[in-house]
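Listed here are the chains, written in short residue letters.
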Amino acid sequence: MAIRNIVPDTDEVMHKVCRPVAKIDDKIITLLDDMVETLKKAEGVGLAAPQVGVLRRIFVINTMEEPEEFIEFINPEIIETSGTQEGSEGCLSIQGFEGFVVRPMKVKVKALNRFGEEFIFEGEELMARACCHESDHLDGKTIRDTCEYEVFREDD
Ligand code: NI
């Protein structure tokens, strides 16, 4: 496993629509391993493949539970949303930026795991936000595009 560089949102790779994964081969498995390692190191909640320069529909989420658990999503699709929540959100690709966003309170995401098996993840609150945030990355959208406005904190 290796830590990959996280690309900033100024990189054009962050603004392109990612392609679905057609075959889960060794390259994809290595990518997943590296993304988990990179997310762990960055102490973030989620990381999408374009953030490490790969235009594939993949993201990983840290459930923020004890012990740490990472969920890998291949070709994810948000199939259901309910409720709303709002708050400020940051992104590993945009250091020092926080945006005010409105997101669903709950989401259901359908995806494949690394074995090619379909699963459904149900996320609430932070997990719902993370799934929406990372899904946006796969469509070339960052928090700058989805937020209502930038949040400035007093300690910045
Ligand atoms: Ni992000």
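Overview of the structure. (Residues numbered from 1 in each chain as written. Predicted model: local features only at pLDDT ≥ 70, side-chain atom pairs only at ≥ 80, totals over all residues. Heavy atoms only, no water.)

1. Notes on the layout of surface pockets
Estimated volume of the largest pocket: approximately 410 Å³. If you go around the largest pocket, you meet 22 residues; those closest to its centre are Glu89, Gly90, Cys91, Leu92 and His133. Secondary-structure elements contributing two or more residues to the lining of the largest pocket are strand E4 (85-91), strand E5 (94-103) and helix H2 (126-138). In terms of residue count, H2 provides more of the lining of the largest pocket than any other element does, six residues in total. Broken down by class, the residue content of the lining of the largest pocket amounts to seven nonpolar, nine polar and six charged. (1 Å grid on protein atoms, 1.4 Å probe; cavity = no way out; pocket = protein on both sides within 12 Å on 5 of 7 lines; lining within 4 Å. Points joined across faces, edges and corners; volume = space filled by probe spheres on them. Helix = DSSP H or I, 4+ residues; strand = E, 2+ residues; numbered from the N terminus. Nonpolar A, V, L, I, M, F, W, Y, C, P; charged D, E, K, R; others polar.)

2. What about the side chain of Glu72?
In this fold, Glu72 is placed in strand E3 (residues 70-82). Glu72 sits in the buried class, given a relative accessible area of 15%. Here the side chain of Glu72 touches Arg114 through a polar contact of 2.8 Å, side chain to side chain. In this structure, Glu72 is in contact with Leu32, Val36, Phe59, Val60, Leu112, Asn113, Arg114 and Phe119, ignoring residues within four places of it in sequence. (Buried < 20%, exposed > 50% of the residue type's maximum accessible area, 1.4 Å probe, protein only. Polar contact = N/O pair within 3.5 Å; in protein donor to acceptor, adjacent residues only side chain to side chain. Contact = heavy atoms within 4.5 Å.)

3. A look at the coordination of the nickel ion
Protein-derived ligands of the nickel ion are Cys91 (SG), His133 (NE2) and His137 (NE2), with the metal-ligand distances lying across 2.1 to 2.2 Å. All donor residues of the nickel ion come from one chain, and their arrangement in sequence is C-x41-H-x3-H. Highlighted residues: Cys91 in strand E4 and His137 in helix H2, separated in sequence by 46 residues. Taken individually, Cys91 and His137 each receive the classification buried, so the pair is uniform in this respect. (Donors = N, O, S within 2.8 Å, 3.2 Å for Na, K, Ca; no water.)

4. Regarding the sheet that holds strand E6 (residues 106-112)
Spatial ordering of the open sheet is given by E1-E2-E3-E6-E7, a layout of five strands whose pairing is antiparallel. Each edge of the sheet is formed by a strand with only one pairing partner; in this case those strands are strand E1 (46-48) and strand E7 (118-124). The average angle at which neighbouring strand axes cross in this sheet is 40°, direction not considered. Most of the contacts of helix H1 (residues 26-42) go to strand E2 (residues 58-62), to which it runs at about 35°, and overall it touches E1, E2 and E3. (Pairing = 2+ DSSP bridges. Axes fitted to C-alpha atoms, helices over the stretch in contact; angles between N-to-C directions.)

5. Structural notes on the nonpolar core
The biggest cluster of nonpolar side chains holds 17 residues, and the ones touching the most others in it are Phe59, Ile61, Phe73, Val107, Phe119, Phe121 and Cys131. Mapped by element, the contributors of at least two residues to this core are E2, E3, E6, E7 and H2. Per element, the largest residue contribution to this core is six residues, and it comes from H2. The contacts of Phe59, once residues within four sequence positions are left out, are Met35, Leu47, Ala48, Ile71, Glu72, Phe73, Pro76, Cys131, Glu134, Ser135 and Leu138. Listed in part, the 14 residues of the second largest apolar core include Val21, Ile28, Met35 and Val60. (Core = buried A, V, L, I, M, F, W, Y, C linked by side-chain atoms within 4.5 Å.)

All we've got here are geometric facts, nothing functional implied.
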